[in-house]
Amino acid sequence: MFDFPQLSAFRGGNGKVRVIGHRGAREIMPENTIEGFEFTLSLGVKALEFDVLLTADQVPVITHNHRVSAAATRNPDGQWLQGIEPKVATLSLAQLQELDVGGLDGRTRYGQKFSDQAFLNGVRVPSLTALLELVTKTAYLDVFLMLELKSDPLIKEKTHEYNQLVSAVVALLREYDVSDRTVLHSFDWDMLKECRRQAPDIPTSYLSQASIHEADHDEDTPDLVHLKFIRKKDSLPKAIAEAGGQLWCPHFSDVTSDLVDEAHAIGLLVSTWTVNKRNDILSMISAGVDGIVTDHPGRVQRCLLERGLHW
Ligand code: MG
């Protein structure tokens, strides 16, 4: 058995609820960018959530959707992407990094949803290596990573996909010696099984979502892994513990204090996503979650301080 030292950074209690920056701090800064991660860390946030895919040349990069999002991407001429959005898996790292992901197109629904996000120029989709270079600097050795592995729902034969993505990611975590600061996180529970096979010393974090939400438009959405358990009237925390997971990461609308208690009783930590509104933040604090994944870390910090808590 492994003792998973990184879990202490994701455990609440003793006056703490952990703040985890969702794609950095998406309400404030361009998501999944080094600029956004540095900003988030400058707030004193000690955990970053981000999404990892492979390029055509098998480089792990940090971006959310399988297709480059036109709402957030300008071509080298500074024009918003037109036409069919290319798949990240069809572009080399060099091709992907010709694009600028420093701002949102305010005419799009996604751009309007994050209307306070800063607009920067010359920002690139980072490689995972670039983030690992950042968090291995002396100032950031106390920073932890919630690394989400994205599974392509259109790929039917998953074994090869899982193997390639997990092995590329784990190799970098070993190279930078950050395995003990990382949790591997996914909606695709079979991906997490592959993670445990290749890296049993790294904890796994199980995302769940009971239904498609309004907020998910314009984004890749996960398979609804939760539903099969609801249908069976089975316990989701119990299923995760039996699968070998250490964290349960439910959408906040699916969280109750009873479920949090149930998860804690069987040894799971609970981090909920993506909690941005003040009332929702306060209700998640009351429900007793260990961690809050948020696009607005400063707002969560303020709510915690009001309650005499820290992160
Ligand atoms: Mg994510």
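These lines cover the structure that appears in this document, whether it is placed above or below. Counting starts from 1 at the beginning of each chain's written sequence and moves along it residue by residue. Reporting of local features is limited, given that this is a predicted model, to residues whose pLDDT is at least 70; pairs of side-chain atoms are given and counted only at 80 or more, and all residues count toward the totals for whole chains, interfaces and linings. Heavy atoms throughout the structure, all of them, feed into the side-chain values; hydrogens and water do not.

## Re the state of the cysteines
Count a disulfide wherever a pair of cysteine sulfur atoms falls within 2.5 Å. Using the criterion set out here, one finds zero disulfides in the structure. Summary of cysteine pairing: C195 is not part of a disulfide, and the nearest cysteine sulfur, belonging to C249, is at 13 Å. We classify C195 as buried; its relative accessible area is 0%. Each residue is placed in one exposure class: buried if its accessible area under a 1.4 Å probe, protein chains only, is under 20% of its type's maximum, exposed if it is over 50%, and partly exposed if it falls in between.

## A look at the coordination of the magnesium ion
Looking at the metal site, the magnesium ion is ligated by E49 (OE), D51 (OD) and E148 (OE), spaced 2.0 to 2.1 Å from it. Sequence positions of the donors to the magnesium ion reduce to the motif E-x1-D-x96-E. Taken together, the residues E49 in strand β2 (residues 47-54) and E148 in strand β4 (residues 144-149) connect sequence positions 99 residues apart. Take E49 and E148: they sit in the same class, and that class is buried. Coordinating donors are taken as N, O and S atoms within 2.8 Å of the metal, stretched to 3.2 Å for Na, K and Ca; because water is absent from the atoms, sites can appear incomplete. Secondary structure follows DSSP: runs of H or I at least 4 residues long count as helices, runs of E at least 2 residues long count as strands, and numbering of each begins at the N terminus.

## Quick word on the environment of S208
Relative to the helices and strands, S208 resides in strand β6 (residues 204-208). We classify S208 as buried; its relative accessible area is 0%. Each C-alpha atom, one on S208 and one on C249, is 6.1 Å from the other, the two residues being 41 residues apart in sequence. Pairs of N or O atoms are called polar contacts if they sit within 3.5 Å, as long as, within protein, a hydrogen donor faces a hydrogen acceptor (for residues adjacent in sequence, only side-chain-to-side-chain pairs). There is a polar contact of 3.0 Å between the side chain of S208 and the side chain of W248.

## Quick look at the packing of helix α1 (residues 34-42) against helix α4 (residues 128-135)
The geometry of α1 relative to α4 is characterised by a closest axis approach of 11 Å and an angle of 25° between their N-to-C directions. The angle between α1 and α4 falls in the class roughly parallel. In terms of crossing hand, the pair formed by α1 and α4 is right-handed. Only A130, L131 and L134 of α4 make contact with α1, whose side of the interface consists of I34, F37, E38 and L41. Amino acid classes used here: Ala, Val, Leu, Ile, Met, Phe, Trp, Tyr, Cys and Pro are nonpolar; Asp, Glu, Lys and Arg are charged; the rest, including Gly, are polar. Looking at the contact of α1 with α4 residue by residue, the class counts come to six nonpolar, no polar and one charged. Fitting a line to C-alpha atoms yields each axis, with helices limited to the stretch in contact; the angle taken between N-to-C directions then spans 0 to 180 degrees. Angle categories: roughly parallel below 35 degrees, roughly antiparallel above 145, roughly perpendicular from 65 to 115, and oblique for all the rest. The sense of a crossing depends on the near helix, which, turned anticlockwise from the far helix by less than a right angle, makes the crossing left-handed and, turned clockwise, makes it right-handed. Contacts are residue-level and defined by heavy atoms, with any inter-residue pair within 4.5 Å sufficient.

## Quick word on the packing of aromatic side chains
Aromatic pairs are defined between Phe, Tyr and Trp rings, using the six-membered ring for Trp, whenever the two ring centres lie within 6.5 Å; interplanar angles under 30 degrees are classed as stacked, those over 60 as edge-to-face, and all others as tilted. Enumeration over the complete set of coordinates arrives at seven aromatic pairs. Ring centres 6.4 Å apart and planes at 80° place the aromatic pair F10 and F144 in the edge-to-face group. With F10 in the segment before β1 (18-22) and F144 in strand β4, the pair connects residues that are 134 residues apart, well separated along the chain. Taking relative accessible area as the criterion, F10 reaches 0% and is therefore assigned buried. Here F144 falls in the buried class, since its relative accessible area comes to 16%. Measuring from ring centre to ring centre gives 5.0 Å for W189 and Y206, while their planes differ by 80°; the resulting arrangement is edge-to-face. Linking W189 in helix α6 (residues 189-198) with Y206 in strand β6, this pair joins segments that are 17 residues apart in sequence.

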